[in-house]
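# An overview of the molecular structure
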Amino acid sequence: MGAGQPRRAATRRRRSPGPEVGERAQHLFKMLVEHYLAEGDPVGSKTLASSTELAVSPATVRNIMADLEDRGLVSSPHTSAGRVPTHRGLRFFVDSLISVQPMDARGVGRIRGTLDPDMTPHQLVEAASRMLSRVTHMAGLVTVPRPEQLSLRQVEFLPLSGKRVLAILVVNDREVQNRVIHTDREYEDTELTQAANYINHEFGGKSLLAIRTGVLDSMRNDKDRLDAIMQTALDVASKTFTESEEEADYVVSGESNLVESLASVGDVRDLFDAFTRKGAIVHLLDRCLETDGIQLFIGEESGYRPFDDYSLITARYEVNGDVAGVLGVIGPTRMAYEKVIPVVDVTARLLGSAIDYDH
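Residues numbered from 1 in each chain as written. Predicted model: local features only at pLDDT ≥ 70, side-chain atom pairs only at ≥ 80, totals over all residues. Heavy atoms only, no water.

## Overview of the overall build of the protein
Secondary structure summary: the protein contains 12 helices and 10 strands in total. When the 359 residues of the protein are sorted by exposure, 49% land in the buried category. Long-range pairs, those at least 24 residues apart, make up 65% of the contacts in the protein with a sequence separation of at least 6. Surface exposure of the protein reaches about 17500 Å², of which carbon and sulfur atoms provide 47%. (Helix = DSSP H or I, 4+ residues; strand = E, 2+ residues; numbered from the N terminus. Buried < 20%, exposed > 50% of the residue type's maximum accessible area, 1.4 Å probe, protein only. Contact = heavy atoms within 4.5 Å. Areas by Shrake-Rupley, 256 points an atom, 1.4 Å probe, with all protein chains shown as cover.)

## Details of the environment of D292
Of note, D292 is situated in the loop between α11 (278-287) and β8 (294-298). Judged by relative accessible area, D292 falls into the partly exposed class, the value being 40%. Between the alpha carbons of D292 and A315 there is a distance of 7.3 Å; along the sequence they are 23 residues apart.

## What about the packing of helix α6 (residues 121-136) against helix α12 (residues 337-355)?
At a minimum axis distance of 11 Å, the contact between α6 and α12 shows a crossing angle of 165°. Between α6 and α12, the angle falls in the class roughly antiparallel. Every pair of crossing elements has a handedness; the one defined by α6 and α12 is right-handed. In contact with P121, L124, V125, A128, M131, L132, V135 and T136 of α6, α12 contributes V340, V343, V344, T347, L351, A354 and I355. (Axes fitted to C-alpha atoms, helices over the stretch in contact; angles between N-to-C directions. Parallel < 35°, antiparallel > 145°, perpendicular 65-115°, else oblique. Left-handed = near helix turned anticlockwise from the far one by under 90°.)

## Points about the sheet that holds strand β4 (residues 152-160)
The pairing of strands in a sheet happens through backbone hydrogen bonds and is either parallel or antiparallel. Strand order in the open sheet formed by three strands is β4-β5-β6, with antiparallel pairing between adjacent strands. Two strands lie at the open edges of the sheet, namely β4 and β6 (175-182), each paired on one side alone. Put simply, the sheet's adjacent strands are angled 20° from each other on average, direction ignored. Judged from the eight bridges that link them, β4 and strand β5 (residues 164-171) form a sheet pairing that is antiparallel. Across the sheet, residue P159 finds its bridge partner in β5, namely V165. Running over the sheet, helix α7 (residues 189-203) touches β4 and β5 and is turned about 165° from β4. (Pairing = 2+ DSSP bridges.)

## Re α11
Within the span of α11, buried status applies to I281, V282, L284 and L285. Down the axis of α11, the smallest arc covering the buried residues is 160°, so these residues share one side. (Arc of directions from axis to C-beta.)

## What about unusual backbone geometry?
For H137, which is not a glycine, the phi torsion comes out positive at approximately 60°. Tracing the sequence through the fold places H137 in the loop between α6 and β3 (139-143). Take H137: its relative accessible area is 59%, and that puts it in the exposed class.

## Some details on the side chain of S129
Relative to the helices and strands, S129 is located in helix α6. S129 gets classed as buried once you look at its relative accessible area, which sits at 0%. Not counting chain neighbours up to four residues away, the residues in contact with S129 comprise G140, L141, V142, V251, V252 and S253.

## Comments concerning the side chain of T314
You can see T314 is positioned in strand β9 (residues 310-319). Accessibility expressed as a relative area gives 0% for T314, which makes it buried. Discounting chain neighbours no more than four positions away, the residues touching T314 are L285, C288, G293, I294, Q295, V326, L327, G328 and V344.

## A closer look at the nonpolar core
Ranked by size, the top nonpolar core spans 84 residues in total, and within it F275, Y317 and Y337 carry the most contacts. For this core, the element with the most residues is α12, which contributes 11 residues. Discounting chain neighbours no more than four positions away, the residues touching F275 are A139, L141, Y250, V252, E255, L258, I281, F307 and I330. Of all hydrophobic cores here, the second largest spans 24 residues; its members include V155, L169, Y187 and L208. (Core = buried A, V, L, I, M, F, W, Y, C linked by side-chain atoms within 4.5 Å.)

Shown next as structure tokens:
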């Protein structure tokens, strides 16, 4: 399947809208949603009656709208006689009525040009996040490749002042990661050199996840029988390769694009606090690793209160055939879903191809 061809959307579904909505009601509801997404205003029955090719009177439209309101698909703001779709209505629209078209070759080419395979994986993640934000005018989120996707080529330890050590990791032949770790005691240069040699010999070529598991298992099972070199190596490695919230990270760009949709300074603070406390968002994005295709959370479907007034569209990306991470866009529930979905889908495909560790 080409990069411009959208995959079948594996969207998060909640309650169904009840008994099947008739064809005429679907047509009018689709018009209402499209008008609302484009203009942002409540839509009145007269507007729908005059805009449709169907021979229906405003009174008939009002009756249909009343039925849709009973089903929970639309609501009437207190300040207007018109109606707007509810989050449940937007879910019905996305699941049943939306028409998503493949991106054109020019759009795919622009995304491909942004994701240079010569960049490191982290640089590619940052570029994808910025590109998603720029194209959609919303916030772009991309998780860094999972630990099992990162293989250790070499590690080096350098002593710093106090009980600190600089760990320099070369992973996947191209990427260098520096980590400052805090140790229980100070180490000499020779101790750290011997420790690095041991780790490179025992764990070189293995994934960071496998190293983390192997190191912790060794410390747990063989603590009393380790010689001094192995003891130093495992002590330092346990702090170097232990998973942390920062390691299970993501990159976000364009948070400021969401400010206009917020009603108060408190809302702005809550949103930016949510992006700062990364753990909850990483947990939410990790849920998207389980299903192929597009994942779409509308409003409270995400289960994360700061996102109750937003929609999150995600897709996982794969590297060398294995799931490596998730990327997506978060924006107001009033967004052009049919345009954002293919951008997310294509970017996920091209990011995985660009990171390809075998090229």
